[in-house]
Amino acid sequence: MTGCNYTFHHNTMPSNLLAGKVGIISGALNDQSIAWKVAQRAHAEGARFVLTNAPLAMRMGEINKLSEECNAPIIPADATSTEELEALFSGAQEQLGGKIDFVLHSIGMSANIRKKKHYGELDYKFFQQTIDVSAMSFHKMMAVAEKQDAMNEWGSIVALSYIAAQRAFLDYTDMTQAKAMLESIARSYGQRFGKLKKVRVNTVSQSPTKTTAGTGITGFDAFYNFADMMSPLGNAPAEACADYCISLFSDLTRYVTMQNLMHDGGFSTTGISAEIVDVMTKAAGAQE
């Protein structure tokens, strides 16, 4: 566990689940990012990996700190550019001395959300950019990996999603379509990659999480609290999401593929909770 100060919660001690495995982790911006926690946990579990992010995000973030902590080289890449992804995958294989066992796609961006545009007033150039960055980049990543024959057999590719792909949520606007497309790409490429190389492809649909991207959404705090009250186990924290990703990178989930896996404390299957009923009853009482 040298050089990694990952704090293990709920007695999750490292057990070398990823010993000997090598990978690529995208999207670590700062220590609130799920990708950051996945990197720390992968390091603790014995994996070696390359970190990558868009050059702009790297200037804004603190990725160098993570790189030192986990002894992981950084290869900047704009995930919308096939050329840069080609350089990423060939560079990663060089740095890591062989083919890749796992990839984390943790990339999402919406200028429409940033500029607080309502769903009826989306800027279509921004919309296209949201799709390019947040969904199409996932297809490009896997297409490059396939063409370079960069993945080891029984490898694992995971992208982070959100339940807005299935349900309408106010203020998630065009990211909703991007996540739906992301999950669809995982199914189609999962079928292809499974046949070609026994590589599995899944998405993890995470609870609302207090990350830089999450908190940029209007009304995030209210929604975070609502989801927490609705979920029997409460919202899943970023650290627990990292644990789940690690299990998907490991050999323990070899036959799990083409799935959208809900990691949300039970939110997605709860109709209503006692806590919500309480809040509604109190609110109704206050109005009388």
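Since the model is a prediction, treat every value here as computed from it, not as a measurement.

Rules of the game
Residues numbered from 1 in each chain as written. Predicted model: local features only at pLDDT ≥ 70, side-chain atom pairs only at ≥ 80, totals over all residues. Heavy atoms only, no water. Buried < 20%, exposed > 50% of the residue type's maximum accessible area, 1.4 Å probe, protein only. Helix = DSSP H or I, 4+ residues; strand = E, 2+ residues; numbered from the N terminus. Arc of directions from axis to C-beta. Contact = heavy atoms within 4.5 Å. Pairing = 2+ DSSP bridges. Axes fitted to C-alpha atoms, helices over the stretch in contact; angles between N-to-C directions. Salt bridge = Lys/Arg side-chain N within 4 Å of Asp/Glu carboxyl O. UniProt positions renumbered as here; feature names shortened; annotations may be inferred.

1. What about helix H8 (residues 220-230)?
Residues of H8 that are buried include every one of Phe220, Phe223, Tyr224, Ala227 and Met230, and no others. The arc that holds the buried residues of H8, viewed along the axis, is 130°, so those residues lie on one side. Check the buried side of H8 and you find it contacts helix H10 (274-287).

2. Some thoughts on the sheet that holds strand E3 (residues 100-105)
One open sheet holds the six strands; their spatial order is E2-E1-E3-E4-E5-E6, and the pairing between them is parallel. Of all strands in the sheet, those with a lone pairing partner are strand E2 (48-52) and strand E6 (260-263), marking the two edges. Here the average twist between neighbouring strands, direction ignored, is 20°. In the sheet, strand E1 (residues 22-26) pairs with E2 via five bridges, with the strands oriented parallel. Looking at E2, one finds that valine 22 is bridged to arginine 48. Where helix H6 (residues 124-147) meets the sheet, its contacts fall on E1, E3, strand E4 (151-161) and strand E5 (200-206), and the angle it forms with E3 comes to roughly 170°. Against the sheet, helix H7 (residues 173-197) makes contact with E3, E4, E5 and E6, and its axis sits at roughly 175° relative to E4, the strand it touches most.

3. Description of the pattern of salt bridges
Tallied over the full model, the rule gives nine salt bridges. Between glutamate 45 and arginine 41 there is a salt bridge, with its nearest N and O atoms 2.5 Å apart. Per residue, the accessibility class of glutamate 45 equals that of arginine 41, and both read buried. A single network of salt bridges, built from pairs that share partners, joins Lys21, Asp251 and Arg254.

4. As for unusual backbone geometry
A positive phi is found at aspartate 149, a non-glycine position, where the angle reads about 50°. Tracing the backbone through its elements, the reader meets aspartate 149 in the loop between H6 and E4. With a phi angle near 70°, aspartate 171 is a residue other than glycine that sits in the positive phi range. Here aspartate 171 is to be found in the loop between E4 and H7.

5. Comments concerning the UniProt feature "binding site: NAD(+)" (unreviewed entry) in the protein chain
Summarizing the sequence annotation, UniProt attributes the feature "binding site: NAD(+)" (unreviewed entry) to Gly27, Ser33, Ile34, Ile107 and Lys179 in the numbering used throughout. Within the element layout of this structure, glycine 27 appears in the loop between E1 and helix H1 (34-44). Beyond its immediate stretch of four places on either side in the chain, glycine 27 contacts Ser33, Ala35, Thr52, Asn53 and Ser106. Secondary-structure assignment places isoleucine 34 in helix H1. Aside from chain neighbours lying at most four places away, what touches isoleucine 34 is Leu160, Gln206, Thr209, Thr211, Ala238 and Cys241.

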